[in-house]
Amino acid sequence: MEVCAVRRIAVVGAGQAGLQVGLGLLGAGGYEVTVVAARTPDQVRGGRVMSTQAMFGPALRVERAAGLDLWEGEAPGVRSVDAVLVPEPGVRALEFTMTLDEPAQSVDQRVKTARWLELLEERGGRVEYRELDLAGLRELAAANDLTVVAAGRGELAGIFERDAARSPFDAPQRRLAALYAHGVGAPDPAAGPRARMHAVPGVGELYLQPALTLSGPCDILLWEALPGSPFDCFADRPDGGEQLIRMRELMARYLPWEAELWAAAEPTDAGGSLYGALTPVVRRPVAELGGGISVLGLGDTLVVNDPITGQGANSAARAAEAYLRAIVDRGDRPFTAAWMNGVFEDHWERHARHGVALTAALLTMPGHLQAVFAAAGEHEAVARRLANTYAEPSDYAAWLAAPELVDAYLGTLG
Ligand SMILES: Cc1cc2nc3c(=O)[nH]c(=O)nc-3n(C[C@H](O)[C@H](O)[C@H](O)COP(=O)(O)OP(=O)(O)OC[C@H]3O[C@@H](n4cnc5c(N)ncnc54)[C@H](O)[C@@H]3O)c2cc1C
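Since the model is a prediction, treat every value here as computed from it, not as a measurement.

Cut-offs and rules
The residue numbers shown here count from 1 along each chain, following its written sequence. Whole-chain, interface and lining totals are the exception, using all residues; otherwise, since this is a predicted model, local features are given only for residues with pLDDT of at least 70 and side-chain atom pairs are given and counted only at 80 or more. Excluding hydrogens and water, the side-chain values take into account all heavy atoms of the structure. Note on method: axes are straight lines fitted to C-alpha atoms, helices fitted across the in-contact stretch only, with angles between N-to-C directions ranging 0 to 180 degrees. Where helices and strands are cited, they refer to DSSP runs of H or I of at least four residues and of E of at least two residues respectively, numbered from the N terminus. The scheme is simple: roughly parallel for angles under 35 degrees, roughly antiparallel for over 145, roughly perpendicular for 65 to 115, oblique for anything else. Working rule for handedness: look at the near helix, and if it is turned counterclockwise from the far one by less than a right angle, call the crossing left-handed; if clockwise, right-handed. Here, residues are in contact when the closest pair of their heavy atoms is within 4.5 Å. Residue polarity follows a fixed list, in which Ala, Val, Leu, Ile, Met, Phe, Trp, Tyr, Cys and Pro are nonpolar, Asp, Glu, Lys and Arg are charged, and the others, Gly among them, are polar. Any residue with a non-hydrogen atom lying within 4 Å of a molecule or strand is treated as near it. Any N or O atom pair separated by 3.5 Å or less is treated as a polar contact, with the protein-specific requirement of one donor-capable and one acceptor-capable atom, and with residues adjacent in sequence counted only for side-chain atom pairs. Working definition of accessibility: Shrake-Rupley area with a 1.4 Å probe, residue cover restricted to the visible protein chains. We call a residue buried when its accessible area falls under 20% of the maximum for its residue type, exposed when it is over 50%, and partly exposed in between, using a 1.4 Å probe and counting protein chains only. Any Phe, Tyr or Trp ring, taking Trp's six-membered ring, that has another such ring centre within 6.5 Å forms a pair; planes under 30 degrees apart are called stacked, those over 60 apart edge-to-face, and the others tilted. Both a distance and an angle decide whether a charge sits over a ring: NZ of Lys or CZ of Arg must be within 6 Å of the ring centre and within 35 degrees of the ring normal. Just to be clear on terms, a salt bridge is a Lys or Arg side-chain nitrogen sitting within 4 Å of an Asp or Glu carboxyl oxygen.

Draft legend 1. Representation of the packing of helix α10 (residues 367–376) against helix α13 (residues 403–411) in the model. The contact between α10 and α13 brings their axes to 9 Å, and the two run at 20 degrees. In this view, α10 runs roughly parallel relative to α13, as classed from their interaxial angle. Our pair here, α10 against α13, has a crossing hand that is left-handed. Where α10 approaches α13, its residues His368, Ala371, Val372 and Ala375 are matched on the opposing element by Pro403, Val406 and Leu410. Its residues placed into classes, the contact of α10 with α13 shows 6 nonpolar, 1 polar and no charged.

Draft legend 2. Broad picture of the site of the ligand. Neighbouring the ligand are 30 residues; Ser51, Thr52, Ala54, Asp300 and Ala313 lie closest to it. One nitrogen or oxygen atom from the main chain of alanine 54 is found 2.9 Å from an oxygen atom belonging to the ligand. Within the backbone of alanine 313, a nitrogen or oxygen atom sits 2.7 Å from an oxygen atom of the ligand. Relative to its unbound accessible surface of 1000 Å², the ligand loses 89% to contact with the protein. At the level of secondary structure, the elements contributing two or more residues to the shell around the ligand comprise α1 (16–28) and α8 (312–329).

Draft legend 3. A look at the environment of isoleucine 159. With respect to the secondary-structure elements, isoleucine 159 resides in the loop between β7 (146–149) and β8 (175–182). A relative accessible area of 25% means that isoleucine 159 is categorised as partly exposed. On a C-alpha basis, the gap between isoleucine 159 and glycine 18 in space is 17 Å, while along the polypeptide they are 141 residues apart. With near-sequence residues (within four places) excluded, isoleucine 159 lies in contact with Leu134, Leu137, Ala287, Leu289 and Val295.

Draft legend 4. Examining the packing of aromatic side chains more closely. In total, this model carries 7 aromatic pairs according to the counting rule given. When the ring of phenylalanine 335 is compared with that of tryptophan 339, the centres are 5.0 Å apart and the planes differ by 55 degrees; the resulting orientation is tilted. Ring plane angle 75 degrees and centroid distance 4.9 Å describe the contact between tryptophan 399 and tyrosine 409, whose orientation is recorded as edge-to-face. Of this pair, tryptophan 399 sits in helix α12 (residues 396–399) while tyrosine 409 is found in helix α13, placing the two residues 10 residues apart along the sequence. Looking at tryptophan 399, the relative accessible area reads 1%, which means it is buried. Cation over ring: arginine 92 sits above tryptophan 257, and NZ or CZ is 4.6 Å from the ring centre. Over the ring of tyrosine 409 we find arginine 385; its NZ or CZ atom is 5.1 Å from the centre of that ring.

Draft legend 5. Region of interest: the environment of valine 406. In this structure, valine 406 sits in helix α13. Classification of valine 406 as buried rests on a relative accessible area of 1%. Each C-alpha atom, one on valine 406 and one on histidine 368, is 6.5 Å from the other, the two residues being 38 residues apart in sequence. Setting aside anything within four residues of it in sequence, one finds valine 406 in contact with His368, Val372, Trp399 and Leu400.

Draft legend 6. Region of interest: the pattern of salt bridges. Enumeration over the complete set of coordinates arrives at 31 salt bridges. Arginine 115 is the partner of glutamate 118 in a salt bridge, and the nearest nitrogen-oxygen pair spans 3.0 Å. Of this pair, glutamate 118 and arginine 115 are both found in helix α4 (residues 109–122), 3 residues apart, which corresponds to roughly one turn of the helix. Given the relative accessible area of 23%, glutamate 118 is considered partly exposed. With a shortest N-O distance of 2.8 Å, arginine 318 and glutamate 392 are connected by a salt bridge. With arginine 318 in helix α8 and glutamate 392 in the loop between α11 (380–391) and α12, this pair connects stretches of sequence that are 74 residues apart. Note on glutamate 392: relative accessible area 25%, which makes it partly exposed. Connected through salt bridges with shared partners, the residues Asp42, Arg45, Arg115, Glu118 and Glu122 form a single ionic network.

So this is what it looks like as structure tokens:
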């Protein structure tokens, strides 16, 4: 009888992507899994929020199938998003509701990744707690059959070359400010958990969504500010109390109906605020470390989207699933650089490129997309298809990618 050797897989980074692959390999059996994590679960729980992490149905299905949906009963399930266009301060113009086919969910990554990291150890994975540098990565890769770098947007991502042809921008398109809060009112409490998005042309966007954090259900608010606009007023990174004061002032001026809902709000905890600006980028998937050693990038390490369309964690989850299947299908054959390239290209073609294109379009709002939003205000079917394109961005190519496609689709509405 032929005995297959256990394959050694190393994963750098304990975020959505890295932990999902590591846990998936342990579930598949036949792998010795080492995860290098910069922080312990307690440090993650005691730290700052990292995202607003809205996850849509298709990505949640992957988690569910892997038994990683540990917060299903607790996390609010968001079925719809109320969209409002604010052409001038205090004016509500176009308004419509976008309904998702499957509920979305946001579980604070401090809650999720800390618990998944514990789970990985409980299920027999090895965790090394350290911040890996390039020399450490070389050693790790030499000692394993495959090393996957899922270190997010951290320094290690720089070893993967930027793919200029696929990278839609070379600078941040928005400045971000997020706050997790308790005590936020709902416009229609009887309607169940709903997200809200407001677009203020020339100024930015505001997203609000129910979520689950360390202290239970909460609401997350995310400002997407055009650089230099009045929403871009958090460069000094104030604490949650001061952030809330400024946010209420912005709401009172631009979105007074929201200001009322936030009158009694309070930050969830000292780590409940997040600031930043992301340069959207796509990198080449394989880095050669010399001596014939190659490593494979995953998640944000290779593809960074601005959160305006909520694609990052979803794309990381879908990529992790695709990589997991490819690793298992590889059996005991070597994980060559050509195989690594193929794994990413397949994921890029099926999924990632659509999320990148959708996000670039939403950041710049060309005329044909404005026409789609206007039509969504008139036709429930358009609003529904729009919502579900965020969830499954491959539909972008079928109806939104070019003005002719949009014209053809809108022409069918009558
Ligand atoms: C404000 C904001 C809002 C967002 N909202 C959404 C949203 O609504 N929906 C959505 O889908 N996405 C959203 N995203 C994006 C999403 O959070 C990321 O795309 C997702 O977390 C990527 O997962 P990842 O596993 O690739 O990387 P990460 O989650 O960044 O995980 C990487 C891990 O690697 C570790 N690490 C880094 N360097 C090293 C090292 N040298 N050694 C060891 N460990 C290391 C880090 O500590 C981290 O734990 C948002 C992002 C931001 C900033």
